Amino acid sequence: MDDIYLLKFGGNAIKGQEDLDRLSKEVAGLIHDGARIILVHGGGPEINAEMERIGLVPKKVAGVRITDDATLDVAERVLKGINDGVVEALIRADVDAVGMPGMDIASFERKKPYVVNEDGVDVLVDLMNVGEVTDVDLIRIETMLKEGKTPVIYPIGKDERGHLNVNADSMASGIAAGIRCREMIQITDVPGILLDIDDPSSLQTCLTLEQVDGLIADGTISGGMVPKVEACRRALLAGVSKVRMVNGKDKKSIVSDVMQEGVEHGTVITK
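Rules behind the numbers
- Residues numbered from 1 in each chain as written.
- Predicted model: local features only at pLDDT ≥ 70, side-chain atom pairs only at ≥ 80, totals over all residues.
- Heavy atoms only, no water.
- Helix = DSSP H or I, 4+ residues; strand = E, 2+ residues; numbered from the N terminus.
- Rg over C-alpha atoms; globule rule 2.2 N^0.38 Å.
- Buried < 20%, exposed > 50% of the residue type's maximum accessible area, 1.4 Å probe, protein only.
- Contact = heavy atoms within 4.5 Å.
- Areas by Shrake-Rupley, 256 points an atom, 1.4 Å probe, with all protein chains shown as cover.
- Pairing = 2+ DSSP bridges.
- Axes fitted to C-alpha atoms, helices over the stretch in contact; angles between N-to-C directions.
- 1 Å grid on protein atoms, 1.4 Å probe; cavity = no way out; pocket = protein on both sides within 12 Å on 5 of 7 lines; lining within 4 Å.
- Points joined across faces, edges and corners; volume = space filled by probe spheres on them.
- Nonpolar A, V, L, I, M, F, W, Y, C, P; charged D, E, K, R; others polar.

Visitor: Explain the overall build of the chain to me, please; I cannot follow it from the model alone.
Guide: Secondary structure summary: the chain contains 7 helices and 18 strands in total. In terms of overall size, the chain behaves like a compact globule, its C-alpha atoms giving a radius of gyration of 18 Å where 271 residues would be expected to give roughly 18 Å. The C-alpha extent of the chain, read off along each of the three principal axes, is 50 × 45 × 35 Å. In the chain, buried positions account for 48% of the 271 residues. Considering only contacts in the chain between residues 6 or more positions apart, those separated by 24 or more positions represent 74%. Carbon and sulfur atoms make up 50% of the accessible area of the chain, which totals about 12900 Å².

Structure follows, in structure tokens:
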């Protein structure tokens, strides 16, 4: 849909009340200009901090987090708290925001155990309470948008066995693909993809996945940028037509100019 934008962000990109208030004002401006907005947020850093505070040790196999019942309880509580704060900031900016878990507007399936290689040994990993989007309630989302409401979604789903922790990028890409939005905007803590991390003028404004693969292969895209790019890839392969990476720390504009024709903002990635 040409006027729907899905914005996805996490605690590394939008951190603190100042960042949140600035994003909220920009969202209000986009809505005023005719856009309809869906927000999806994560909360990995905040979940990690809360687990550390209460003495829970994250369980991982081959770098993948296991979401047992105790971890799920923390994730759900922390994400709900973040969601409340986002909704409050948006309402202060005169946005009719409605917070909800993903299970209110989507269906999920529990991720099945799978084999990973750890130190040369194949290990069967059961992520336990982790799910993935399988379907989206388009009627409910479209009804909310037509009523002028802005959904603010946090990544908790459920299946017949109970609640599920969901990767926020997976949640966002599943919803974005389901509603066929104009753009999914990945709000990160970097300005986009740079050929030289120390040279802002090396920003790549448009890339295809094939070009992205080349930049990964030659080491231009490396370290923490790789998972950000892979999140964009998941969204595109799920059916989103284009994904834009923008900087949540940009004092001039996070998303307020993305609707303007001819304005190069961040990095747009397409298939």
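Visitor: What exactly am I supposed to notice about the sheet that holds strand S12 (residues 162-166) here?
Guide: By way of backbone hydrogen bonds, the strands of a sheet pair with one another, either parallel or antiparallel. As summarised here, the arrangement of the 4 strands in space is S6-S9-S12-S11, forming an open sheet in which the pairing is mixed. In the strand order of this sheet, the two ends are held by strand S6 (106-110) and strand S11 (156-159), each with one partner. Ignoring strand direction, the axes of neighbouring strands in this sheet form an average angle of 55°. The sheet contact formed by S6 and strand S9 (residues 130-136) spans 5 bridges and is antiparallel.

Visitor: Quick question: what am I supposed to make of the environment of Leu-56 here?
Guide: Following the sequence through the fold, Leu-56 ends up in the loop between helix H2 (44-53) and strand S3 (59-61). Measuring from C-alpha to C-alpha, the distance between Leu-56 and Glu-261 comes to 49 Å, with 205 residues separating the pair along the chain. Residue contacts for Leu-56: discarding those within four places in its chain leaves Met-51, Ala-70 and Val-74.

Visitor: Looking at this structure, how should I read the layout of surface pockets?
Guide: To locate leftover empty space, one rolls a probe as large as a water molecule over the atoms. Put simply, the largest pocket is a space of about 1300 Å³. For the largest pocket, the lining is made up of 46 residues, of which Gly-44, Asn-167, Ala-168, Asp-169 and Arg-234 are closest to its centre. Going through the elements one at a time, H2, strand S4 (64-66), helix H3 (69-92), S9, S12, helix H5 (168-179), strand S13 (183-188) and helix H7 (225-237) are the ones with two or more residues in the lining of the largest pocket. Ranked by residue count, the leading element in the lining of the largest pocket is S9, at 6 residues. When grouped by side-chain class, the residues that make up the lining of the largest pocket number 16 nonpolar, 19 polar and 11 charged.

Visitor: Looking at this model, I keep getting lost on the side chain of His-265. Mind explaining?
Guide: Its place among the elements puts His-265 in the loop between strand S17 (242-247) and strand S18 (267-270). Look past the residues within four positions of His-265 in its chain and what remains in contact with it is Arg-244, Val-246, Ser-253, Ile-254, Val-255, Asp-257 and Val-258.

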